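Remarks on the overall topology
Single-letter residue listing:
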Protein chains: 2
Amino acid sequence: MASLFRRRGFNIESIAVGESELPGISRMTIIVDGANVLVEQVRKQLDKVVDVIKVTDITNEAIISRELALIKVKTTPSTRSEIMQMVDIFRAKIVDVATDSITVEVTGDEDKVNSLYNLLKPFGVREISRTGVVAMTRGALAGDNGGPREE
Amino acid sequence: MASLFRRRGFNIESIAVGESELPGISRMTIIVDGANVLVEQVRKQLDKVVDVIKVTDITNEAIISRELALIKVKTTPSTRSEIMQMVDIFRAKIVDVATDSITVEVTGDEDKVNSLYNLLKPFGVREISRTGVVAMTRGALAGDNGGPREE
């Protein structure tokens, strides 16, 4: 799939893959940077891939989007409290502490993760591991029949 | 990369892809279900892929691992409070509410996400979108030189 995108020159911002509510079926969330025409082209290309069951374009839907990142940032006795303040403001969590670093877990939309990352960069970000963005449409369940969702 | 794994018969449990701390370089976290010998084979195969810069096997390292999931679960007036209790116990967050559903954001290791998912299933999970797992080694920074991490 990655090579398909590269050949076509699509600029992929983010991909996330995980199990779906249907056994054996994964759900892949892809963010493509481009105009609506381009997004439609991506949709059509994906539809041709044999293993792809369904493609939904949620560009114009009301959605909730979330990403998770683990960020390992360098600390010194004099920077630690400032870093901890930022972590607090972003409602992020410290998940590991070492003598010269702390590891932070942050979740939110892409902008929130970028903001905290940019604020931590001056202290020395040793490693960042981002999951890529997942998204879900807001609101009502269409065609609710009490069984597993087919689409 | 996916087709490489399929051809070789490796069983991929999870893949997460996101930007790394090095501009233009992504970090990919892959969970392979198998014995250590198999994991070593996967490492060797990945090392041969042209675009791959470095492969690190963290099977036997002390790590922090995290995943994020959005879960849309069906609600009725009589089930809503029970669902909200479970969300609370898992320190998950309700990120959207509709008349007949709520959407929950949960983060944690794979087991935690699986546990909440399994508890919500009987109520009717309409959709789950999982990011896949990211991981980071615990503790000290090796060869710290104050600059961006090279590996």
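Every chain's residues receive numbers from 1 upward, in the order its sequence appears when written. Chain A is the first chain written and ligand 1 is the first ligand written, with later ones labelled in order. Reporting of local features is limited, given that this is a predicted model, to residues whose pLDDT is at least 70; pairs of side-chain atoms are given and counted only at 80 or more, and all residues count toward the totals for whole chains, interfaces and linings. Computation of side-chain values covers all heavy atoms of the structure but excludes hydrogens and water.

**Side note on the overall build of chain A**
Counted only if it meets this: Secondary structure follows DSSP: runs of H or I at least 4 residues long count as helices, runs of E at least 2 residues long count as strands, and numbering of each begins at the N terminus. Categorising residues by exposure relies on relative accessible area from a 1.4 Å probe, with only protein chains included: less than 20% of the type maximum marks a residue as buried, more than 50% marks it as exposed, and the intermediate range marks it as partly exposed. Contacts are assigned to residue pairs that have any heavy atoms within 4.5 Å of one another. Surface accessibility in these figures is a Shrake-Rupley result with a 1.4 Å probe; residues are shielded only by whichever protein chains are displayed.
Helix and strand counts for chain A come out as 4 helices and 7 strands. In chain A, the succession of α and β elements from N to C terminus is α-β-β-α-β-α-β-β-α-β-β. When each of the 151 residues of chain A is scored for burial, the buried share is 45%. Considering only contacts in chain A between residues 6 or more positions apart, those separated by 24 or more positions represent 64%. Roughly 8,100 Å² of accessible area belongs to chain A as shown, and the carbon and sulfur atoms make up 50% of that amount.

**Focus: helix H2 (residues 36–48) of chain B**
Given 3.6 residues per helical turn, the α-helix brings residues three or four places apart onto the same face. Residues and elements named next belong to chain B. Here is the rule: What a helix is expected to span follows from its residue count: subtract one and scale by 1.5 Å. The arc in question is traced by the directions running from the helix axis to the C-beta atoms.
Over its 13 residues, H2 extends 19 Å from the first C-alpha to the last, a length consistent with the 18 Å expected when each residue adds 1.5 Å. By the burial criterion, the buried members of H2 are Val-39, Val-42, Gln-45 and Leu-46. Across the axial projection of H2, the buried residues extend over an arc of 120 degrees, all falling on one side. Across from the buried face of H2, at angles greater than 90 degrees, the exposed residues are Val-37 and Lys-48.

**Comments concerning the domain arrangement of chain A**
All names here are of chain A. Formally: Domain boundaries shown here were taken from an automatic or database domain assignment. Buried area is understood as the total, over both parts, of accessible area removed when two parts are fitted together, assessed with a 1.4 Å probe. Salt bridge, as used here, is a side-chain nitrogen of Lys or Arg placed within 4 Å of a carboxyl oxygen of Asp or Glu.
When its domains are assigned, chain A resolves into domain 1 (2–60) and domain 2 (64–134). Domain 1 puts 6 residues into the contact, and the matching count from domain 2 is 5 residues. When domain 1 packs against domain 2, close to 390 Å² is buried across both sides, 49% of that on carbon and sulfur atoms. Counting the contacts that link domain 1 with domain 2 gives 0 salt bridges.

**Section: the pattern of salt bridges**
All names here are of chain A. Under the defined criterion, the tally for this structure stands at 14 salt bridges over all chains. With a shortest N-O distance of 3.0 Å, Asp-47 and Arg-43 are connected by a salt bridge. Placement of both Asp-47 and Arg-43 in helix H2 (residues 36–48) is noted, with a separation of 4 residues, approximately one turn of the helix. Glu-105 is the salt-bridge partner of Lys-93, the closest N and O atoms lying 3.9 Å from each other. Here Glu-105 lies in strand E5 (residues 101–108) and Lys-93 lies in strand E4 (residues 93–98), a separation of 12 residues in the sequence. The class for Glu-105 is buried, based on a relative accessible area of 4%. Put simply, Glu-40, Arg-43 and Asp-47 are held in one network by salt bridges that share partners.

**Focus: the packing of aromatic side chains**
Put simply, the rule is: When the centres of two rings from Phe, Tyr and Trp lie within 6.5 Å, Trp using its six-membered ring, the rings pair. Their planes under 30 degrees apart give stacked, over 60 give edge-to-face, and anything left gives tilted. By definition here, charges over rings are those cases where NZ of Lys or CZ of Arg is within 6 Å of the ring centre and within 35 degrees of the ring normal.
All chains considered together, the criterion is met by 0 aromatic pairs over all chains. Its end group placed over the ring of A:Tyr117, A:Lys121 keeps NZ or CZ at 4.7 Å from the ring centre.

**Some thoughts on helix H3 (residues 80–89) of chain B**
Residue and element names in this part refer to chain B. Regarding H3, the residues found buried are Ile-83, Met-86 and Val-87. Relative to the axis of H3, the buried residues are bounded by an arc of 100 degrees and lie together on one face. Those residues of H3 that are exposed and angled more than 90 degrees off the buried face are Gln-85, Asp-88 and Ile-89. On the buried face of H3, the contacting elements are strand E3 (63–74), strand E4 (93–98), strand E5 (101–108) and helix H4 (110–124). Directly after H3, the chain includes Arg-91, whose backbone phi takes a positive value near 50 degrees.

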